[in-house]
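# Residue-level structural notes
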Amino acid sequence: MESALDTALGQLRRAVEQLSLSENEWQTLSTPRRILEVAVPLRRDNGSVEMYKGFRVQYSTTRGPSKGGVRFHPDIDMDETVALAMLMTWKCALTNLPYGGAKGGIAVDPSTLSVAENERLTRRYTSEILPIIGPERDIPAPDVGTDARNMAWMLDTYSVNAGFSVPGVVTGKPIVLGGSLGRTSATGDGVAISTREALLVRGINPEGATVAIQGFGKVGYWTAVGLEAMGLKVVAVSDVHGGVTGFKSVADLWNHFTEHGNLDAPGVDRLTNEELLALEVDVLIPAALADAITAHTAPSIKAKIVVEGANAPTTPEGDQILNDKGILVVPDILANAGGVIVSYFEWVQDKQNYFWDAAEVRTNLDSLMMKAIREVEGLSSEKSSTWREAAHMLGVSRVAQAHKLRGLYP
Ligand code: NAD
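Structure report, in brief. (Residues numbered from 1 in each chain as written. Predicted model: local features only at pLDDT ≥ 70, side-chain atom pairs only at ≥ 80, totals over all residues. Heavy atoms only, no water.)

Positionally, Ser385 belongs in the loop between α13 (358-383) and α14 (387-406). According to the relative accessible area criterion, Ser385 is buried, its value standing at 11%. C-alpha of Ser385 to C-alpha of Glu346: the two residues are 39 residues apart in sequence and 34 Å apart in space. Leave out the neighbours within four places in its chain, and Ser385 touches Gln18, Leu379, Ser380, Ala390 and Met393. (Helix = DSSP H or I, 4+ residues; strand = E, 2+ residues; numbered from the N terminus. Buried < 20%, exposed > 50% of the residue type's maximum accessible area, 1.4 Å probe, protein only. Contact = heavy atoms within 4.5 Å.)

The structure is reproduced here in structure tokens:
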């Protein structure tokens, strides 16, 4: 299987060709601006010391400070981090946010850490990447394996070093520390909006349309909540241990999950993650990790629409199979952009020290998501391209234009 970086470069190459950009522009766009690998030592609760690898990639700073999540997962490496930082760059440009793109993380399984160990690891990582982050430089946010609590520790570590409180250094932080209303659900809200609009484009009534969601974390759960509120029927969800159908409601399943840590609520039927992908539903939403839809799993997909809640959940071979089957794919850089959009709102509120109510956040999220969806749909019709190609063309062309206007120093 191609690496995540090869896939991302392949998508960029295609956009560069479709936009008729020059070889020089390809060189600039395909090169990350800044890469940092750090050693992160952790003193375990038993007194022993372990070393972990930490990463931060600032793929682009051309359109503004770089922006991107921090992932704690044992499998992350530099190549994947570069690929995800590149996707963030096109995503921020696609949604017209004044940001470049970044990504970072630590190769660690957070479930093996106590809360105190997680805090020490987060703080040490923050102090190692401290010289290159900041509200005007690079603004981290939660991703797989991290949440608002990690952001609070990052904010505190940065602020203690600065000598004053710097809430704008991270987004996705707790509300009392300068977080934004609506940030927790924002990625899922955006996925839900994308799903509704894709159904309408395909002439399917969202009311009662059926959905299967792979992943029941921050993105998968809030997507399910948002879709239920819009009248869709979430018929199956899964986590790393497999999936379930036959639950009463998403709220019911979530209550069981938070109490027992598993999806085995009374009355559910179990299915494997592969069976979930192959369900006869209107919409399939991969909202877990990369490479869920592959040459192996794509042939059995029966959904009419795939909405990518996760980043890079579809391999190029999987993508080709979905396209050949006539399945509409709403690409990651569009579908899951709600998170970075509300992160942007959070940063704006922090800069102004003036905080919006939930309705204002939601109205502005709707507006930016709808604008991006309409632009992608319009360009894809105009160019007879897939939505993924259209989204990349829009994002890449804006970054290329910004490069051109800024010129080359010195
Ligand atoms: P999370 O850690 O909160 O949840 C991940 C979920 O995926 C969990 O339910 C986990 O059990 C499940 N999972 C892990 N491996 C799996 C497997 N092999 N099969 C099925 N399920 C599996 O992470 P998240 O924040 O929800 O992120 C999910 C995806 O969405 C990632 O690709 C992330 O980069 C992307 N994303 C997240 C945000 C955000 O705001 N959190 C924004 C944009 C994109």
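Tallied over the full model, the rule gives 12 aromatic pairs. Centroid distance Tyr344 to Trp347: 6.3 Å. Interplanar angle 40 degrees. Geometry classified as tilted. With Tyr344 and Trp347 both in helix α12 (residues 338-352) and 3 residues apart, this pair spans about one turn of that helix. You can call Trp347 buried: its relative accessible area is 8%. Here the guanidinium or amino end of Arg13 rests over the ring plane of Trp26, the centre of that ring lying 4.0 Å away. (Phe/Tyr/Trp six-rings, centres within 6.5 Å; stacked < 30°, edge-to-face > 60°. Lys NZ or Arg CZ within 6 Å of the ring centre and 35° of its normal.)

Attention shifts here to the sheet that holds strand β11 (residues 305-307). The sheet built from 7 strands is open, its strands ordered β9-β8-β7-β6-β10-β11-β12 with mixed pairing. Because the sheet does not close on itself, it has two edges, and the strands there are β9 (269-271) and β12 (328-330). Across the sheet, the mean angle separating the axes of adjacent strands is 20 degrees when strand polarity is ignored. Here 4 bridges tie strand β7 (residues 233-239) to strand β8 (residues 242-245), and the two strands are oriented antiparallel to one another. Bridge pairing in β8 links Ser238 to Gly243. Against the sheet, helix α7 (residues 218-229) touches β6 (210-214), β7 and β10 (283-286), its axis set at about 170 degrees to β6. (Pairing = 2+ DSSP bridges. Axes fitted to C-alpha atoms, helices over the stretch in contact; angles between N-to-C directions.)

Turning next to the packing of helix α3 (residues 78-94) against α14. Contact pair α3 / α14: the axes reach a minimum separation of 8 Å and the direction vectors enclose 90 degrees. Relative to α14, the element α3 is oriented roughly perpendicular. Residue-level inspection shows Leu87, Thr89, Trp90, Ala93 and Leu94 of α3 in contact with α14, the latter providing Ala391, His392, Leu394, Gly395, Val396, Arg398 and Val399. (Parallel < 35°, antiparallel > 145°, perpendicular 65-115°, else oblique.)

The next thing to look at is the site of the ligand. Around the ligand, the surrounding shell holds 22 residues, and the nearest of these are Arg71, Asp143, Thr187, Val219 and Asn311. Between the ligand and Arg71, the relevant distance is 2.8 Å, taken from an oxygen atom to a side-chain nitrogen or oxygen of the residue. Here an oxygen atom of the ligand and a side-chain polar atom of Arg183 are 3.5 Å apart. Starting from 840 Å² of accessible surface for the ligand in isolation, the protein chains cover 83%. Elements with a contribution of two residues or more to the shell around the ligand: α6 (183-201) and α7. Its residues placed into classes, the shell around the ligand shows 8 nonpolar, 9 polar and 5 charged. (Near = heavy atom within 4 Å. Polar contact = N/O pair within 3.5 Å; in protein donor to acceptor, adjacent residues only side chain to side chain. Areas by Shrake-Rupley, 256 points an atom, 1.4 Å probe, with all protein chains shown as cover. Nonpolar A, V, L, I, M, F, W, Y, C, P; charged D, E, K, R; others polar.)

In terms of nonpolar packing, the biggest core is built from 84 residues, with Leu12, Trp90, Ile213 and Ile285 touching the most fellow members. Val38, Tyr52, Tyr125 and Tyr158 belong to the second-largest nonpolar core, a separate cluster that totals 21 residues. (Core = buried A, V, L, I, M, F, W, Y, C linked by side-chain atoms within 4.5 Å.)

Time to look at the sheet that holds strand β4 (residues 101-106). Taking strand neighbours across the sheet as the criterion, the 5 strands line up as β1-β2-β4-β3-β5 in an open arrangement whose pairing is mixed. Two strands lie at the open edges of the sheet, namely β1 (34-43) and β5 (138-142), each paired on one side alone. Neighbour-to-neighbour, the strand axes of this sheet turn through a mean angle of 20 degrees, independent of strand direction. Inspection of the sheet shows β1 paired to strand β2 (residues 49-60) by 10 bridges, in the antiparallel sense. Among the inter-strand pairings, Val40 is bridged to a residue of β2, identified as Tyr52.

The subject of this paragraph is the pattern of salt bridges. Once the charged atoms of two side chains with opposite charge are near each other, the side chains can pair. Within the structure shown, the criterion is met by 29 salt bridges. As a salt-bridge pair, Asp252 and Lys248 come within 3.8 Å of each other at their nearest N and O atoms. Owing to a relative accessible area of 32%, Asp252 belongs among the partly exposed residues under this scheme. What makes Lys248 exposed here is its relative accessible area of 75%. What emerges from the salt-bridge pattern is a single network uniting Arg71, Glu80, Lys103 and Asp143. (Salt bridge = Lys/Arg side-chain N within 4 Å of Asp/Glu carboxyl O.)

Attention now goes to the pairing of β10. Residues in a regular strand point their side chains to alternate faces of the sheet. Residues Val283 and Ile285 point to one face of β10 and Leu284 and Pro286 to the other, with burial holding for every one of them. Direction of pairing for β10 relative to β11: parallel, over a ladder of 2 bridges. Counted as the bridge partner of Val283 is Ile305 from β11.

Quick look at the environment of Asn311 now. Considering the arrangement of structural elements, one finds Asn311 in the loop between β11 and α10 (316-324). Relative accessible area serves as the criterion here: at 13%, Asn311 is assigned to the buried category. Taking the C-alpha atoms as reference, Asn311 lies 5.4 Å from Asp332; in sequence the two are 21 residues apart. The contacts of Asn311, once residues within four sequence positions are left out, are Leu84, Lys91, Lys103, Asp143, Leu289, Ala290, Asp332 and Asn336. Side-chain polar atoms of Asn311 contact the side chain of Lys91, separated by 3.3 Å. Engagement of the side chain of Asn311 in a polar contact is seen with the side chain of Asn336, the distance being 3.1 Å.

With that out of the way, let us pick up a negative patch on the surface. A surface patch of negative charge is lined by Glu2, Asp6, Asp75, Asp77, Asp79 and Glu317. On the secondary structure map, Asp75 appears in the loop between β3 (66-72) and α3. (Patch = residues over 30% accessible without salt bridge, like charges linked within 9 Å, V, L, I, M, F, W, Y side chains within 5 Å. Lys, Arg positive; Asp, Glu negative; His and termini not counted. Charge placed at Lys NZ, Arg CZ, Asp CG, Glu CD.)

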